[in-house]
2 protein chains.
Amino acid sequence: MPELSQLEQLSAFAEYGTLSRAAEVLHMSQPTLTRSMQKLESEFGVPLFARSKNKLAFHENGKLAAEYAKRILELTQDMLDGVRALDRASHTISIGACAPMPLVTAVQNAARLYPDMTVSSELKDCTPLLEGLKTGLYQIIILPYQPNDDTFYCRESGTEALCFALPPTHPFADRDGLYMKDMDGENMLLYANIGFWHSLPAQKMPHSRFLVQNERFDLEELVASSTLPCFVSDVTIRTEGKPENRVIVPILDPEASVTYYTVCLREKLTQVKKLFI
Amino acid sequence: MPELSQLEQLSAFAEYGTLSRAAEVLHMSQPTLTRSMQKLESEFGVPLFARSKNKLAFHENGKLAAEYAKRILELTQDMLDGVRALDRASHTISIGACAPMPLVTAVQNAARLYPDMTVSSELKDCTPLLEGLKTGLYQIIILPYQPNDDTFYCRESGTEALCFALPPTHPFADRDGLYMKDMDGENMLLYANIGFWHSLPAQKMPHSRFLVQNERFDLEELVASSTLPCFVSDVTIRTEGKPENRVIVPILDPEASVTYYTVCLREKLTQVKKLFI
DNA sequence: AGACCTTACGGCCGGCGTAACAATA
DNA sequence: TATTGTTACGCCGGCCGTAAGGTCT
């Protein structure tokens, strides 16, 4: 039986054309490679090389062997990658969510409840989340609605309500509530990573321009130093406080108040049971 | 990088369930196998086994690795088989013919002209012969007609004419020639391995019964000790002589006289050039 | 002269088997 | 007690690199 190291050497010879060059690449002396290939040849029991005095070249047999060798080495690499990936997956809880607020909560919970696990998290739209849950990409996803498929196990996990944060001088600053259409046309500051929320303003306030900020710091700086309105939610107010120079006005559109649901595959519930207690 | 020997051991453990049993099958001591699997595990970098004090079992990772290992070993075996088969093919001239007489001639020529080659030969009908020539199963085939496809290279190689061998007492024994229909209804001795010839008597003499003999010796014995007519050809008469107690009467049907053609793929002519000189 | 392949030689390390040990059924 | 897996120990063979030889461009 040949060994993978030999096949690797064969493959290197196929790639580099001479034993010397291949030996160099493989970090071994060239006589060693010579002997190794002689041994491989004897294990095949048939000639693989066309030998002239100072030239070694492939024969038909050798070409075929080198092709096979390459496939075998690739398959071996697949094995290593696959097994390592499986191992990593078994030590990882992957959480996908539609919005940042429930995601950070879930990540914190997971890290606390499964201290040996790595927690990975992603912000995605609902469709890829459900897809990923089915394919095993995620163990847990968080949606802003209750999926009706019975293969899922599902549990309510908090609510979030979007609000306007207006400067005190704003004409609507004294209102108890506003519809989004009331603000349509006004330019607003907007944070980029807000998950599924990004679709709502765009849809309900088609005449507004949103000054999208990728960096949290930049956004806060702009909020502090301008009178542009922006969005906050009841959750961000609780966790991060209300911007100093802003008045909070709840948004009355029903879509602006959501209930989050933590979802997993029912068959894999045991793996993540603690997160549902 | 793991080695194939280790994958073989992993696969054996998967098959036999315990290290001791696997070690026994692999003809090695069991501590050796323990160490080898420990090393394999360290090369993967992830645990493959669930270890209790005196029990070793697969983990998910290990199961996956063992599946891969099996595939890799199969592929390796395919490589060995494939390369060896290719080598054998390169030392073999495979000749297929429609009839025995031109075949033995061709085999003798091939053996003489290519003394380092193994010559293999087969008797087949024309359709599988052409098929086999295209797929590389044969390098040379011999047909009773000239193929009109231009991918073939083709050369006339002798003729053969079928005759009746009648006992001197037979009513037709003094004829200069006979059509097969003249003999229709008479029972005849027939040798089994006559290639494409077998179809002719069956077709032209539907009312005859043919006493088919698989053994050459049996046929000759029956010819010598009976008055049943049989077939010979001008070639068999030249090479093996005429049966003592028989009169030769040529068959006048045009199908009973054929010209043989030696055929090879034009693109592979150089491999078998000598046979066409 | 330089590049290449092969053979010869001597050292060394890695894997082997034996033996001893621990744990289970 | 029999079976199984792991660890300890000492030996030996095979593989390695260096060196030298031969051939081709």
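Remember, predicted model here, so these are calculated numbers, not experimental data. (Residues numbered from 1 in each chain as written. Chains lettered and ligands numbered in written order. Predicted model: local features only at pLDDT ≥ 70, side-chain atom pairs only at ≥ 80, totals over all residues.)

Moving on, we get to the packing of helix α1 (residues 4–16) of chain B against helix α3 (residues 30–44) of chain B. Residue and element names in this part refer to chain B. α3 packs onto α1 with a crossing angle of 110° between their chain directions and a minimal axis gap of 10 Å. By the angle class used here, α1 and α3 are roughly perpendicular. For the pair α1 and α3, the crossing hand works out as left-handed. Residue-level contacts link Gln6, Gln9, Leu10 and Phe13 of α1 to Leu33, Ser36, Met37 and Leu40 of α3. Among the residues making up the contact of α1 with α3, the classes are represented as five nonpolar, three polar and no charged. (Axes fitted to C-alpha atoms, helices over the stretch in contact; angles between N-to-C directions. Helix = DSSP H or I, 4+ residues; strand = E, 2+ residues; numbered from the N terminus. Parallel < 35°, antiparallel > 145°, perpendicular 65-115°, else oblique. Left-handed = near helix turned anticlockwise from the far one by under 90°. Contact = placed C-beta atoms within 7 Å. Nonpolar A, V, L, I, M, F, W, Y, C, P; charged D, E, K, R; others polar.)

With that settled, the discussion passes to the relation of the copies chain A and chain B. Rotating chain A by 179° about the axis while translating it 0.0 Å along that axis superimposes it on chain B, leaving an RMSD of 0.5 Å. Both copies of the chain, as the preceding transformation shows, are related through a two-fold rotation axis. (Least-squares fit on C-alpha atoms with pLDDT ≥ 70 in both.)

This brings us to the interface of chain A and chain B. Where interface size is quoted, it is often the accessible area lost as the parts come together. At the interface, 26 residues of chain A touch 25 residues of chain B. Breaking the side of chain A that touches chain B down by element, the ones donating at least two residues are α1 (4–16) and α4 (60–90) of chain A. At 17 residues, the largest contribution of residues to the side of chain A that touches chain B is made by α4 of chain A.

To continue, consider the protein's contact with DNA strand D. By nearness alone, 20 residues border DNA strand D, and Thr32, Lys53 and Asn54 of chain A together with Pro31 and Asn54 of chain B come closest of all. For the surface near DNA strand D, the elements supplying multiple residues, two or more each, are α3 (30–44) of chain A together with α2 (19–25), α3 and β2 (55–58) of chain B. Taken together, the residues of the surface near DNA strand D break down into five nonpolar, nine polar and six charged. (Near = placed C-beta within 6 Å.)

Residue and element names in this part refer to chain A. Split into domains, chain A comes out as domain 1 (4–88), domain 2 (89–155 + 260–276) and domain 3 (158–257). The gap between the C-alpha centroids of domain 1 and domain 2 is 45 Å. Contact with domain 1, which involves four residues of that partner, is made by four residues of domain 2. Tallied by class, residues from the side of domain 1 that touches domain 2 come to two nonpolar, no polar and two charged. (Domains from an automatic or database assignment.)

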